[in-house]
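Topology and contacts: notes
Listed below, chain by chain, are the residues.
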Amino acid sequence: MAEDLENENSHKEDRIIPINIDEQMRSAYIDYSMSVIVSRALPDVRDGLKPVHRRVLFGMLDLGLSNNKPYKKSARIVGEVLGKYHPHGDTSVYDAMVRMAQDWSLRYPFVEGQGNYGSIDGDQPAAMRYTEAKLQKIAEEMLADINKDTIDFQLNFDDSLQEPTVLPAKFPNLLVNGASGIAVGMATNMAPHNLNEVIDATLAYIDDRDIQVEELIKHVKGPDFPTGGIIYGFEGPRAALETGRGRIVIRATAEIETYNNDRERIIVSDVPYQVNKALMIERTAELVNEKKIEGISAIRDESNRQGIRVVYEIKRDANASIVLNNLYKYTALQTSFSVNNIALVNGRPMLLNLRDLIHHFVEHRHEVVIRRTKFELAEAEKRAHILEGLLIALDHLDEVIKLIRASGTPDEAREGLMTQFGLSDIQARAILDMTLRRLTGLERDKIRDEYDALMKQIEYLKSVLADESLRMGIIKTELAEIQEKYGDERRTKIVHSSAEMQTEDFIEDEDVVITISHEGYIKRTSLTEYRRQGRGGKGSLGSNSRDADFIEHLLIASNHNYMLFFTESGQCFWLRVFEIPEGTRTSKGRAIQNIINIPKEEKIKAYIKLKSLKDREYLENNFIIMCTKKGVIKKTSLEAYSRPRANGINAININDGDSLLEATLTTGTSEIVMALQSGRAIRFNESTVRPMGRTATGVRGISLDSNNDEVVGMISINDAETTVLVVSEKGYGKRTDIEDYRVTNRGGKGVKTLNITEKTGNLVAIKGVTDTEDLMIINKSGIIIRMAIAELRTMGRATQGVRLITLKGNDEIASVATVAHVEDEELDEAVVAEAIADKEIAETTDADIDAGTEELDIKQDTKIDEGNADDAATEDDQTE
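Here the structure is a predicted model, which means the values were calculated and not measured.

Definitions and cut-offs
- Residues numbered from 1 in each chain as written.
- Predicted model: local features only at pLDDT ≥ 70, side-chain atom pairs only at ≥ 80, totals over all residues.
- Heavy atoms only, no water.
- Helix = DSSP H or I, 4+ residues; strand = E, 2+ residues; numbered from the N terminus.
- Contact = heavy atoms within 4.5 Å.
- Areas by Shrake-Rupley, 256 points an atom, 1.4 Å probe, with all protein chains shown as cover.
- Expected span 1.5 Å × (residues − 1).
- Polar contact = N/O pair within 3.5 Å; in protein donor to acceptor, adjacent residues only side chain to side chain.
- Core = buried A, V, L, I, M, F, W, Y, C linked by side-chain atoms within 4.5 Å.
- Buried < 20%, exposed > 50% of the residue type's maximum accessible area, 1.4 Å probe, protein only.
- UniProt positions renumbered as here; feature names shortened; annotations may be inferred.
- Axes fitted to C-alpha atoms, helices over the stretch in contact; angles between N-to-C directions.
- Parallel < 35°, antiparallel > 145°, perpendicular 65-115°, else oblique.
- Left-handed = near helix turned anticlockwise from the far one by under 90°.
- Pairing = 2+ DSSP bridges.
- Phe/Tyr/Trp six-rings, centres within 6.5 Å; stacked < 30°, edge-to-face > 60°.
- Lys NZ or Arg CZ within 6 Å of the ring centre and 35° of its normal.
- pLDDT = per-residue confidence, 0-100.
- Nonpolar A, V, L, I, M, F, W, Y, C, P; charged D, E, K, R; others polar.
- Salt bridge = Lys/Arg side-chain N within 4 Å of Asp/Glu carboxyl O.

So, on to the overall build of the chain. A tally of helices and strands in the chain yields 22 helices and 41 strands. Taking all contacts inside the chain whose residues are at least 6 apart in sequence as the whole, residues at least 24 apart take part in 73%. Surface accessibility of the chain: about 41900 Å² in total, with carbon and sulfur atoms responsible for 47%.

Moving on to helix α13 (residues 354–395). Because an α-helix completes one turn every 3.6 residues, residues spaced three or four positions apart along the sequence face the same direction. The terminal C-alpha atoms of α13 lie 60 Å apart, and with 42 residues this matches the ideal 62 Å at 1.5 Å per residue to within 8%. The backbone nitrogen of R355 lies 3.1 Å from a side-chain oxygen of the residue at the head of α13, namely N353.

Ranked by size, the top nonpolar core spans 82 residues in total, and within it L57 and F110 carry the most contacts. Setting aside chain neighbours within four positions, we find F110 in contact with L49, L57, M100, K134, L135, Q136, I138, A139, M142, F171, N173 and N177.

Positive phi, close to 55°, is recorded for D149, a residue that is not glycine. Among the secondary structure elements, D149 is positioned in the loop between α6 (137–143) and β4 (153–155). Given a relative accessible area of 44%, D149 falls into the partly exposed group. Despite not being glycine, Q274 shows a phi value in the positive range, around 70°. One can find Q274 in the loop between β11 (263–268) and α11 (277–289).

Using the residue numbers shown here, the UniProt feature "active site" (unreviewed entry) corresponds to Y130. Inspection of the secondary structure assignment puts Y130 in the loop between β2 (111–114) and β3 (132–135).

A word on the packing of helix α15 (residues 410–421) against helix α16 (residues 425–433). Look at α15 against α16: their axes get within 9 Å of each other, and the N-to-C directions meet at 125°. Between α15 and α16, the angle falls in the class oblique. Crossing hand, α15 versus α16: right-handed. Between α15 and α16, the residues in contact are P410, A413, R414, L417 and M418 and D425, A428, R429, I431 and L432, respectively.

Moving on, we get to the sheet that holds strand β40 (residues 802–803). Pairing in this open sheet of four strands is antiparallel, and the strands run β37-β34-β35-β40 from one edge to the other. In the strand order of this sheet, the two ends are held by β37 (763–769) and β40, each with one partner. By the bridge criterion, six bridges tie strand β34 (residues 723–728) to β37 in an arrangement that is antiparallel. Bridge pairing in β37 links V724 to G768.

Right, let's talk about the packing of aromatic side chains for a bit. On inspection of all chains with the given rule, the structure shows seven aromatic pairs. Relative to Y641, the ring of F566 has its centre 6.2 Å away and its plane inclined at 70°; by these criteria the two rings are edge-to-face. Linking F566 in strand β22 (residues 562–567) with Y641 in the loop between β27 (632–637) and β28 (649–650), this pair joins segments that are 75 residues apart in sequence. Taken as a pair, F566 and Y641 share a single burial class, namely buried. Above the ring of Y232, the side-chain terminus of R251 is found at 4.3 Å from the ring centroid. Over the face of the ring belonging to Y562 we find R576, whose NZ or CZ atom lies 3.8 Å from the ring centre.

The next subject is the confidence of the model for the chain. Mean pLDDT over the chain works out to 83, with 87% of the residues at or above the 70 mark. With pLDDT under 50 throughout, residues 824–880 is counted as low confidence; its partners more than four residues away or in other chains account for 70 contacts.

Compared with the 18 Å implied by 1.5 Å per residue over 13 residues, the 18 Å span of helix α8 (residues 195–207) between its first and last C-alpha is a close match. The element α8 is extensively covered by neighbouring structure, given that ten of its 13 residues are classed as buried. Those residues of α8 that sit buried are L195, E197, V198, I199, A201, T202, L203, A204, Y205 and I206. Summarising the contacts, the buried residues of α8 are in contact with α7 (173–177), α9 (213–216), α13 and α18 (468–486). Structurally, the start of α8 carries an N-cap: the backbone nitrogen of N196 is 3.0 Å from a side-chain oxygen of N194.

Bringing the packing of α8 against α13 into the picture now. Close contact between α8 and α13 brings their axes to 10 Å; oriented N to C, the two are set at 75°. Our classification of the angle between α8 and α13 gives roughly perpendicular. Contact residues: α8 offers A201, T202, Y205 and I206, while α13 offers R355, I358, H359, F361 and V362. Its residues assigned to classes, the contact of α8 with α13 comprises six nonpolar, two polar and one charged.

As a further point, take the pairing of strand β23 (residues 571–576). With six of its six residues buried, β23 lies for the most part within the structure. Judged by which residues are buried, β23 turns out to be covered on both faces: Q571, F573 and L575 on one side and C572, W574 and R576 on the other are all buried. In the sheet, β22 pairs with β23 via five bridges, with the strands oriented antiparallel. Within β23, the residue paired with F565 across the bridge is F573. The turn joining β22 and β23, which pair antiparallel and follow one another in sequence, is formed by three residues; a positive phi near 95° is taken by G570. Here β23 runs beside β28; their pairing, made up of two bridges, is antiparallel. Opposite C572, over in β28, you have I649 as the bridge partner.

Structurally, E671 is set in strand β30 (residues 671–676). The spatial distance from the C-alpha of E671 to the C-alpha of R683 is 6.8 Å, given a sequence separation of twelve residues. In this structure E671 touches R683, F684, N685, E686, I715, S716, I717 and V743, once residues within four positions along its chain are discounted.

Most of strand β31 (residues 680–685) sits out of view: five of its six residues are buried. Where β30 and β31 come together, five bridges link them in antiparallel fashion. Considered in β31, the bridge of I672 is made with F684. Taking the residues between adjacent antiparallel strands as the criterion, β30 and β31 are bridged by three residues, where G679 takes a positive phi near 95°. The sheet contact formed by β31 and strand β36 (residues 751–752) spans two bridges and is antiparallel.

This part takes up the pattern of salt bridges. Here the structure, examined in full by the defined rule, presents 43 salt bridges. Taking the shortest distance from any N to any O, the salt bridge between R265 and E257 comes out at 2.7 Å. Judged by relative accessible area, R265 falls into the buried class, the value being 17%. Put simply, D145, K148, R365, R372, E376 and E478 are held in one network by salt bridges that share partners.

Before going further, it helps to examine the sheet that holds β3. Two strands in a sheet stick together by hydrogen bonds in their backbones, pointing the same way (parallel) or opposite ways (antiparallel). Read across the open sheet, the three strands follow the order β1-β3-β2; overall the sheet is antiparallel. Here the strands that pair on one side only, and so sit at the sheet edges, are β1 (72–73) and β2. Pairing of β2 with β3 involves four bridges; the strand directions are antiparallel. By the bridge assignment, G113 is partnered in β3 with A133.

Structure below.
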């Protein structure tokens, strides 16, 4: 007994094989992953189908569910596929069949469903016992000739039946319908394309087998999604077609519609591919409630059987374009589709570009045509062989009848026919099976005609097998027939522009007032916050600056403009206007050092607004002219300032004791006017200043009378309508025709531009103005006044001018700017009331001053104009 146990244990030990667990796990996992890759997750490059889809279509063919036959219950189809070919869950089979029936999932659906097959809102389809299905006509093209030995079959899971390893596929389904799947260690995500475009590209490939992707892309523009939409940018589709990988940005088609005269709404007529419309709307509503998207008052889904229609009602004070861009940014109205063209080639996963996909399809189709031709040839030869026997029998009819009548059994008659007439067994059997009606003259003629037609067919089939160009011609003809039957227009538009969203797309492009204080505080404020007042008024509070601080720079710009900031040491910095912190009219703003990298000791002395830094023509045909306090002027091409740097660049080389004062944008043909604190100005043509490099110092623009004198401003004049406006520190100013300043040589002393007195104070500003503008003046205490330039009459060049703003105590003007003219009727009633109140206060407080100011100024103007003509002429002669 003990001996038997010992022998048994020894046999058990012999059956135990020691293995390395690491190697075994690796091997088992690789086997599993390859099984998933090959038999579940990845499509075959030849027919573009995964095994489950192929089995569903073949199972439906088995059931006779062609397009011209009645529907059958989905449960019947699922049961057929499950029991014969696909030993997995019924859910996987039904889900695959449902997806092939959804026209928002497949560009060209293969299944024609009847019943509830779900919706684009993510609704689930009805249970399989309720729905019915049959094949679409285009699916029959995938299965055509499958019984003509065109493809290989394999045993099913229990070796009881044969199933196809691939379908014959008359068109490149993988390109046309795309595919998606997650395997182990890899995934595929292939976009659908337009059938017309794909077939055109395939025909081009057949005509030129050496054609490259660049030529094929002329036919296949990019994906064509079943849900439509817009593809933004061609780079993503191009990369996908050229390399097999690429990121495609898809937007919904949306239009801004005006209704009820002034109300706006956004109408969305489709959604991006694979987006759940109901979830998208729900998420958008959440974002509106969370205030992440503003300007939407209501969202309605008005979609029906005719198509998708989602309505976004826009609030009265909102900009629909800005709202739409925010919807694109934050919601599924814009999504991306990452293309990853991995498919099975000879059972191995490979990354494929457009040419590869077409090449493998054509090779597959070529093999199908060869095998089909061989099959048809064999069948024709079999039939011809039988007909030859029948014709022999008909030619010897009496002998054949006599032989058959004399035979005792069918086998004896068969052998007799074979022996006497040299027939084969098949021919002899056919003769014996022939009915008496075939002996009539008409039937004999039919047999002869059939035989002749068969011989011609056999000859043609043999020529096809011998000539590849004939086979390629057959493929082209069949593709053209598919195109004729099922080709349609492209649904997805491709916009050949950048798909990148720019920040400015989310910022309304409105005019703003930018103020920069003496201590370097900056802000932007909507222009509508300021209002125009009568000349001589007290103005309204414009900024709540800190003690001892005052507004030094003021300009008007658009939110989308670029800003160049020039410091007194000649450094240049870039900033977008919308990047400037927004503030109210009374707020102080933020320190500019916290926005751009300006050294703390630096002050902003000049600024230029640019419409673009990417327009090459704009950059090459414009110049920046800079001047310093000591009268130096420099001209540089704008292109030198088109590459922003975070830490700024050197814009001009500044000499010791000098500092940058002004910079302006010119076209190269402007006339320059520079004004001195002492009341003198010079006019010369810009062409007298040659363009220099960024780091050059410049040349002399105007000569100073003394070391205490300095330049207060520079303007460029481009048209005759522009007049010269000068303002003194005590609130006086005047307009003068540009023609009063004759053109002189650059570097001279200039002529008198304002009669400087103790009452006027020194000159502080010079501006080029027209009647279509308003004047904004801001003083050191923060008071702002706005008035129409048209209210200021044109005066002589050497006059004292008129009072522009009433100053209190030792207050002085800090800055002057011009803005677009605004009519009174455009202003809010409350603003008008406030302006009237301010004006009444000003007239009451300064009655004694205001009463005679304008009359006195006019008399002085006349006296200077008439009596000092000789003095003016003398001043004109003071040039270089």
